[in-house]
Amino acid sequence: MGNKLCPLCGGTKCLDQKGIISVYLMPHKISLFLFIAGLLLGLLYSSYAFVFAALGFVIPLACADLRMILYPYAALSCLMGKKLNCPKCEPAGGMFRHKL
C-alpha cells in the first residue's frame, strides 16, 4: 500500500507544461486533429477546408467543455510564473493556486 503519485502533477498539486497539455488538450484529440488538418488543408488546398478547423473549434463548445479554449491562457500563465491547480488533487479548487 504505497503512496501513488498523481500522474498529472507528480504530487506537487501544481501542473507543469506536460500536465497542462494532458489536462487541456489530450481529452480533445479529434477536435485538435480537425483543427490542425483544417488549417493545413485550408492553406495548401482550398479555403473551403477551413470548415474542418471550425468543426474542431465548435465540437468542444457543443459538449460544453472549455478546456481546449483555456489551454493557451493556462500555458502562458504557467510560463509567466503562475501556479495552476491539479484538477485531480484539488477538485474543488479554482484554476489558479492561491497562497493565503
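To be clear, the structure that these remarks concern was listed above.
Residues numbered from 1 in each chain as written. Predicted model: local features only at pLDDT ≥ 70, side-chain atom pairs only at ≥ 80, totals over all residues. Heavy atoms only, no water.

Engineer: Sorry if this is basic, but what is going on with helix H1 (residues 17-24) here?
Structural biologist: Count 3.6 residues to each turn of an α-helix, and residues three or four apart come out pointing the same way. Within the sequence span of H1, burial applies to Gly19, Ile20, Val23 and Tyr24. The buried side chains of H1 occupy one side of the element, clustering within an arc of 110 degrees when seen end-on. Each element contacted by the buried residues of H1 is listed here: strand E1 (14-15), helix H4 (67-79) and strand E2 (84-85). (Buried < 20%, exposed > 50% of the residue type's maximum accessible area, 1.4 Å probe, protein only. Helix = DSSP H or I, 4+ residues; strand = E, 2+ residues; numbered from the N terminus. Arc of directions from axis to C-beta. Contact = heavy atoms within 4.5 Å.)

Engineer: Hey, could you run me through unusual backbone geometry in this one?
Structural biologist: Comment: phi is negative for the bulk of residues other than glycine, and the bulk of peptide bonds are trans. Despite not being glycine, Lys13 has its phi angle at roughly 65 degrees, a positive value. Its place among the elements puts Lys13 in the segment before E1. Of note, the phi angle at Ala64 is positive, near 60 degrees, even though the residue is not glycine. Tracing the chain through its elements places Ala64 in the loop between helix H3 (50-62) and H4. Classification of Ala64 as exposed rests on a relative accessible area of 68%.

Engineer: Sorry, what's going on with the nonpolar core here?
Structural biologist: Among soluble globular proteins, nonpolar side chains are generally buried collectively. Membership of the largest hydrophobic core comes to 15 residues, with the highest contact counts inside it found for Leu15, Ile20, Tyr24, Tyr71 and Leu84. Looking at this core, the elements with two or more residues in it are H1 and H4. In terms of residue count, H4 provides more of this core than any other element does, five residues in total. Not counting residues up to four positions away in its chain, the partners in contact with Tyr71 are Ile20, Ile21, Tyr24 and Leu25. (Core = buried A, V, L, I, M, F, W, Y, C linked by side-chain atoms within 4.5 Å.)

Engineer: Where do I start with the environment of Cys78 in this structure?
Structural biologist: Structurally, Cys78 is set in helix H4. Not counting chain neighbours up to four residues away, the residues in contact with Cys78 comprise Leu15, Gln17, Ile20 and Leu84.

Engineer: Hey, could you run me through the packing of helix H2 (residues 29-44) against H3 in this one?
Structural biologist: Each packed pair of helices is defined by two parameters, the angle between the axes and the distance between the axes. Where H2 contacts H3, the axes come no closer than 6 Å and their chain directions differ by 160 degrees. On the basis of their axis angle, the class for H2 and H3 is roughly antiparallel. Two packed elements cross with a definite hand, and for H2 against H3 that hand is left-handed. Note on element contacts: H3 touches H2 through Phe50, Phe52, Ala53, Leu55, Gly56, Ile59 and Pro60, opposite Ser31, Leu34, Phe35, Gly38, Leu39, Gly42 and Leu43. Across the contact of H2 with H3, the residue classes break down as 10 nonpolar, four polar and no charged. (Axes fitted to C-alpha atoms, helices over the stretch in contact; angles between N-to-C directions. Parallel < 35°, antiparallel > 145°, perpendicular 65-115°, else oblique. Left-handed = near helix turned anticlockwise from the far one by under 90°. Nonpolar A, V, L, I, M, F, W, Y, C, P; charged D, E, K, R; others polar.)

Everything listed is a geometric property; what it means functionally is a separate question.
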